[in-house]
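Architecture and fold: a report
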Amino acid sequence: MQLLKLVQNLVKLGEPLPWGVRDAHGKLLLAQGHVIADAAQLGAILERGAFVDVEEARAAVKRAADAEKQRQQQRPVNLFTLWERALWQLDRLLRSTGEPGFDARADELAQHVMALTDRDADIAIYLCVRQDPKRLSIYGLAHAIHCALICLLVGRRLGWDGPMLLTAVKAALTMNIATLELQGRLAAQGVPPTAAQRALLAEHPARSAELLRAAGIVDELWLAAVLQSHERADGSGYPNRITDPIELARLLRGVDVFMAKISPRATRAPMPTQLAARQLFQEEQGSAIAAAVVKEVGIYPPGELVRLKSGEHAVVVRRSVNASTPMAASITDRSGMPVVNTVVRDTARPEFAIVAAVSDKGLVLRMPPERLYGLPE
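The sections below set out a description of the structure shown in this document. (Residues numbered from 1 in each chain as written. Predicted model: local features only at pLDDT ≥ 70, side-chain atom pairs only at ≥ 80, totals over all residues. Heavy atoms only, no water.)

**Describing the overall build of the protein chain**
- A count of helical and extended segments in the protein chain gives 15 helices and nine strands.
- For 377 residues, the compact-globule estimate of 2.2 N^0.38 gives 21 Å, and the protein chain sits close to it at 21 Å.
- Principal axes of the C-alpha set define a box for the protein chain whose edges measure 60 × 60 × 40 Å.
- In the protein chain, which comprises 377 residues, the proportion classed as buried is 49%.
- Counting contacts in the protein chain only where the partners sit at least 6 residues apart, residues at least 24 apart contribute 60% of the total.
- Surface exposure of the protein chain reaches about 17,500 Å², of which carbon and sulfur atoms provide 54%.
- Computed over 45 positive and 41 negative side-chain charges, the inter-centroid distance for the protein chain is 4 Å. (Helix = DSSP H or I, 4+ residues; strand = E, 2+ residues; numbered from the N terminus. Rg over C-alpha atoms; globule rule 2.2 N^0.38 Å. Buried < 20%, exposed > 50% of the residue type's maximum accessible area, 1.4 Å probe, protein only. Contact = heavy atoms within 4.5 Å. Areas by Shrake-Rupley, 256 points an atom, 1.4 Å probe, with all protein chains shown as cover. Lys, Arg positive; Asp, Glu negative; His and termini not counted. Charge placed at Lys NZ, Arg CZ, Asp CG, Glu CD.)

**Structural notes on empty space enclosed by the protein**
- Under the definition given, this model contains one cavity of 30 Å³ or more.
- If you add up the space inside the largest cavity, you get close to 30 Å³.
- Mapped onto the lining of the largest cavity, the elements with two or more residues apiece are α6 (139-157), α7 (162-174) and α8 (180-188).
- Considered class by class, the residues forming the lining of the largest cavity number five nonpolar, four polar and no charged. (1 Å grid on protein atoms, 1.4 Å probe; cavity = no way out; pocket = protein on both sides within 12 Å on 5 of 7 lines; lining within 4 Å. Points joined across faces, edges and corners; volume = space filled by probe spheres on them. Nonpolar A, V, L, I, M, F, W, Y, C, P; charged D, E, K, R; others polar.)

**Focus on the packing of α7 against helix α10 (residues 220-227)**
- Contact geometry of α7 with α10 gives a least axis separation of 9 Å together with a crossing angle of 45°. Compared by their axis directions, α7 and α10 come out oblique. At the point where α7 passes α10, the crossing takes the right-handed sense. Residue-level contacts link M164, T167, K170, A171 and T174 of α7 to L221, W222, A225 and V226 of α10.
- Tallied by class, residues from the contact of α7 with α10 come to six nonpolar, two polar and one charged. (Axes fitted to C-alpha atoms, helices over the stretch in contact; angles between N-to-C directions. Parallel < 35°, antiparallel > 145°, perpendicular 65-115°, else oblique. Left-handed = near helix turned anticlockwise from the far one by under 90°.)

**A short note on the side chain of R130**
- In this fold, R130 is placed in the loop between α5 (121-129) and α6.
- Look at R130: it is buried, it has no salt bridge, and the nearest opposite charge is E304 at 5.4 Å.
- Side-chain polar atoms of R130 contact the backbone oxygen of G303, separated by 2.4 Å. (Salt bridge = Lys/Arg side-chain N within 4 Å of Asp/Glu carboxyl O. Polar contact = N/O pair within 3.5 Å; in protein donor to acceptor, adjacent residues only side chain to side chain.)

**So, the nonpolar core**
- W83, L90, I145, I150, F258 and L372 are the most contacted members of the largest nonpolar core, which has 85 residues in total.
- At 12 residues, the largest contribution of residues to this core is made by α6.
- Not counting residues within four places of it along the chain, the set of residues in contact with I145 comprises W83, A86, L87, L90, V113 and L173.
- If you look at the next biggest cluster of nonpolar residues, it comprises 13 residues, including L17, I36, I45 and A60. (Core = buried A, V, L, I, M, F, W, Y, C linked by side-chain atoms within 4.5 Å.)

**Focus on the layout of surface pockets**
- The calculated volume of the second largest pocket comes to roughly 590 Å³.
- Every residue lining the second largest pocket is counted, 25 residues in all, and those nearest its centre are Y139, L186, L201, A260 and R265.
- When residues of the lining of the second largest pocket are traced back to their parent elements, those giving at least two are α6, α8, α9 (195-214) and α11 (247-261).
- Per element, the largest residue contribution to the lining of the second largest pocket is five residues, and it comes from α11.

**Let's talk about the packing of helix α3 (residues 79-94) against α6**
- The N-to-C vectors of α3 and α6 enclose an angle of 110°; their axes lie 9 Å apart at closest approach. Viewed along their axes, α3 and α6 adopt a mutual orientation that is roughly perpendicular. As α3 packs across α6, the resulting crossing turns out to be right-handed. Residue-level inspection shows W83, A86, L87, W88, L90 and D91 of α3 in contact with α6, the latter providing L141, A142, A144, I145 and L149.
- The class makeup of the residues in the contact of α3 with α6 is 10 nonpolar, no polar and one charged.

**What to know about the pattern of salt bridges**
- Applying the stated criterion to the full structure yields 17 salt bridges.
- Salt-bridge contacts for D107 lead to K170; the nearest nitrogen and oxygen are separated by 3.4 Å. Here D107 is found in helix α4 (residues 102-119), whereas its partner K170 is found in helix α7, with 63 residues between them in sequence.
- Between R318 and D120 there is a salt bridge whose closest N-O contact spans 2.6 Å. In this pair, R318 sits in strand β6 (residues 313-318) while D120 sits in the loop between α4 and α5, placing the two residues 198 residues apart along the sequence.
- By relative accessible area, which is 11% here, D120 ends up buried.
- Within the structure, one salt-bridge network assembled from shared partners comprises D120, D122, R157, E296, R318 and R319.

**Description of the sheet that holds strand β9 (residues 354-357)**
- On the basis of which strands lie adjacent, the open sheet formed by five strands has the order β8-β7-β6-β5-β9 and antiparallel pairing. Every interior strand has two partners, whereas the edge strands, β8 (338-346) and β9, have only one. On average, adjacent strands in this sheet sit at an angle of 35° to one another, irrespective of strand direction. (Pairing = 2+ DSSP bridges.)

**Details of α5**
- Counting buried positions along α5 yields nine of nine residues, so the element is predominantly enclosed.
- Buried within α5 we find A121, D122, I123, A124, I125, Y126, L127, C128 and V129.
- Measuring from the side-chain oxygen of the N-cap residue of α5 to the backbone nitrogen of D122 gives 3.1 Å; that N-cap residue is D120.

Now the structure itself:
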């Protein structure tokens, strides 16, 4: 039996339940197919400590994933479609450590992620900033992809060469291989980690490195970066509390922490990117890595919702040379009413200057990103 709270993100109000809901003794309370009408009814059910059968929950998660894959396959092939497919390519990779050729498959996927990022870095950053809170169950996959592409951009800004960048991307994609499913559960469960979950988190850098070595990885830089990806220079990190983690491990940790802060959870909204960047810079005492993250993402990164002096709400779509004046696609008119056709505004022009970042993201989530970038939907 599993608490309903752990998978409540798959419950859609007004639609049939994908599983039966039971009490702590296994007695059926609501049959599969029952329709929960509103949030109040769902809240009352959750308050009772409702449960679902583990196998029924797994089957429902698989059905949802299969439906999403089918939907993505039917969409026009554009960068957003290719990034979505990369998630599932990563899923297959991380589950194939027992099969020959893992190293070659990891290399191929890493180069694919690098190529997608190079095709349009602004769209890549948009995906990091504008995450769907209804997809928390695949947080582990999305987080790995996002960390990998930010590591690539930051590594380039730091002047790293091609082989080092490729190793950084592979390390980011695999650093949490030992906790792939746990990450999704933690993001969606709505309660703090249990003691058992904390123990798994504490050992996961070492366990991830062990899994990679067993899969045939012999690149010691890759393995060391994964093992040290949660170490801190003050010795307060884990698992070995070392004070001199290698540079690649420091990059992994910085990007990992930054991306975790700006990602949604069941228990909280994502932290504003400006605040997350400021905290990273302070925590890292202005290190070159922290500075590079801040400069690469920008003050108003792609995906950020802002209010313009004109009164329009707009989504940042392109960075510019000046971090304070990006290009932004308006999604409302001057009175705040949603518009069908977006218009790109140059926020360097006084009449379209950014007045403030906007915290209410609901309107953005309903806007197809392809429309913001002028791509086929």
